[in-house]
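Summary of the model geometry
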Amino acid sequence: MKFGFVILHYLCPEMTRQAVSCLLGLSRKSLFDTRIVVVDNCSPDGSGRQLQMDYEGNNDVTVLLLNENYGFARGNNAGYEVLCRDCDFIVVMNNDVLVEQKDFMDKVSALYSKHHFAVMGPDIFAVKSNVHQSPSRSSVMTRQEVTALYKNLIYRNKCFTWRYLTYRLKCMLGISHPKIPVDSAGWDIEQENAVLHGACYIFSKDFVSKRDYAFNPLTFLYLEEDILAKECELAGLKMVYCPALRVKHLEDVSTDKAYKWNLAKEKMKARRMLDSCRILMGLYE
């Protein structure tokens, strides 16, 4: 049985090296064949080439250099395409996710025998905010919820800079307070067809045999988890959340480094979310 791992890299080579090191440690102690594909999303600091040199001669690690930043979906799809021909399971994960559970691959295999899932999500523990992030939702959004989200995003994009700076000023004055992260509902129980958190997915051969790509290639960033959940629902592909699988999430390492100025980061997020929401709405037509 063969496992493939896709790590999407953008800046922060030290984080990617740590993620790869964890996986190599697991593979040495496992009976499963493993292959790791690091996809460099055209990092402007040249760190992709650094990683390529780091793992030169290591047959278990391939570093794929993209000629432009393809975003989350198409970047991960590039690694997925390399592995989908001969892997029984493909784990797609952020470069700030650490898989330290020693029997991770054994558990994935056993859980597939139990659930015959197409996509599985682990318990994702966010180290910085100290919360369990998955599942994102217990069920796929309704048409009404998607429509409401779209209208809200349209509103948020109007006069964005003024509204954002006003919010930041309120925070500084203690008038407004940021939301305190909380554990995801039902994170400690198995759930079928919940919306899985996007930091780490496990795709089985049931999924790979039906899809040439992991994520909708029309998206760049944000709402991929909701789009994937709806696509799986429409295709009859089972999604399972299982807390017996655990990973650590160091949260937003690459985006924090790429967008030092918070306004730039939030403007990018709002614009990309609106684009993705239009794609999500199309699935409900």
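Our subject is the structure that appears above.
First things first, this report covers the structure right here in the doc. All figures in this text were calculated on a predicted structure; none of them were measured in a lab. Just so you know, the residues in each chain are numbered from 1, in the order the chain's sequence is written. Two thresholds apply to this predicted model, a pLDDT of at least 70 for residue-level local features and 80 or more for giving and counting side-chain atom pairs, whereas whole-chain, interface and lining totals are computed over all residues. The basis for the side-chain values is all heavy atoms of the structure; hydrogens and waters are excluded.

Regarding the environment of Ser-109
As a reminder, the rule being used: Secondary structure elements follow DSSP: runs of H or I no shorter than four residues count as helices, runs of E no shorter than two count as strands, and numbering proceeds from the N terminus. For each residue, the accessible area found with a 1.4 Å probe, counting protein chains only, is set against the maximum for its type, and the residue is called buried under 20%, exposed over 50%, and partly exposed in between.
Residue placement: Ser-109 occurs in helix α4 (residues 104-115). Given a relative accessible area of 17%, Ser-109 falls into the buried group. Sequence separation between Ser-109 and Phe-3 is 106 residues, and the spatial gap between their C-alpha atoms is 9.8 Å.

Considerations on the side chain of Asp-123
This is how it is decided: Under the counting rule used here, the positive set is Lys and Arg, the negative set is Asp and Glu, and His together with the chain ends is not counted. Salt bridges, as used here, are contacts in which a Lys or Arg side-chain nitrogen is within 4 Å of a carboxyl oxygen on Asp or Glu. Polar contacts, as counted here, are pairs of nitrogen or oxygen atoms within 3.5 Å of one another; within protein the pair requires one atom able to donate a hydrogen and one able to accept it, and residues that are adjacent in sequence qualify only if both atoms are side-chain atoms.
As for its placement among the helices and strands, Asp-123 is situated in strand β6 (residues 119-126). One buried charged residue, Asp-123, forms no salt bridge at all, with the nearest opposite charge on Arg-246 at 5.8 Å. Among the polar contacts made by the side chain of Asp-123, one reaches the side chain of His-132 at a distance of 2.8 Å.

Some details on α4
We count it as follows: The span one expects for a helix is its residue count, reduced by one, times 1.5 Å. Each C-beta atom gives one direction from the helix axis, and the arc is the one those directions make.
Compared with an ideal rise of 1.5 Å per residue, which puts 12 residues at 16 Å, α4 spans 16 Å between its outermost C-alpha atoms and is within 8% of the ideal. Residues of α4 that are buried include every one of Phe-104, Met-105, Val-108, Ser-109, Leu-111, Tyr-112 and His-115, and no others. Across the axial projection of α4, the buried residues extend over an arc of 165 degrees, all falling on one side. Opposite the buried face of α4, by more than 90 degrees, sit the exposed residues Ser-113 and Lys-114.

Focus: the packing of aromatic side chains
Heads up, the condition is: Aromatic pairing here means that ring centres of Phe, Tyr or Trp (its six-membered ring) are within 6.5 Å. Orientation follows from the plane angle: under 30 degrees is stacked, over 60 is edge-to-face, and everything else is tilted. A ring has a charge above it when a Lys NZ or an Arg CZ is no more than 6 Å from the ring centre and no more than 35 degrees off the ring normal.
Taken as a whole, this structure holds 13 aromatic pairs when the rule is applied. Plain terms: the ring middles of Phe-89 and Tyr-112 are 5.7 Å apart, the flat faces sit at 75 degrees to each other, and that makes the pair edge-to-face. Of this pair, Phe-89 sits in strand β4 (residues 89-94) while Tyr-112 sits in helix α4, and the two are 23 residues apart along the sequence. Of the residues examined, Phe-89 reaches a relative accessible area of 2% and is grouped as buried. Classification of Tyr-112 by relative accessible area gives buried; the value is 10%. Ring plane angle 40 degrees and centroid distance 4.6 Å describe the contact between Phe-203 and Phe-207, whose orientation is recorded as tilted. Across this residue pair, the class does not change: Phe-203 and Phe-207 are buried. An aromatic cluster is built from Phe-3, Phe-5, Phe-32, Phe-89, Tyr-112 and Phe-117, whose rings are joined through pairwise contacts. A cation over an aromatic ring shows up here: Arg-74 above the ring of Tyr-70, its NZ or CZ 4.2 Å from the ring centre. A cation over an aromatic ring shows up here: Lys-230 above the ring of Tyr-284, its NZ or CZ 4.4 Å from the ring centre.

Keep in mind these numbers describe shape, not what the thing actually does.
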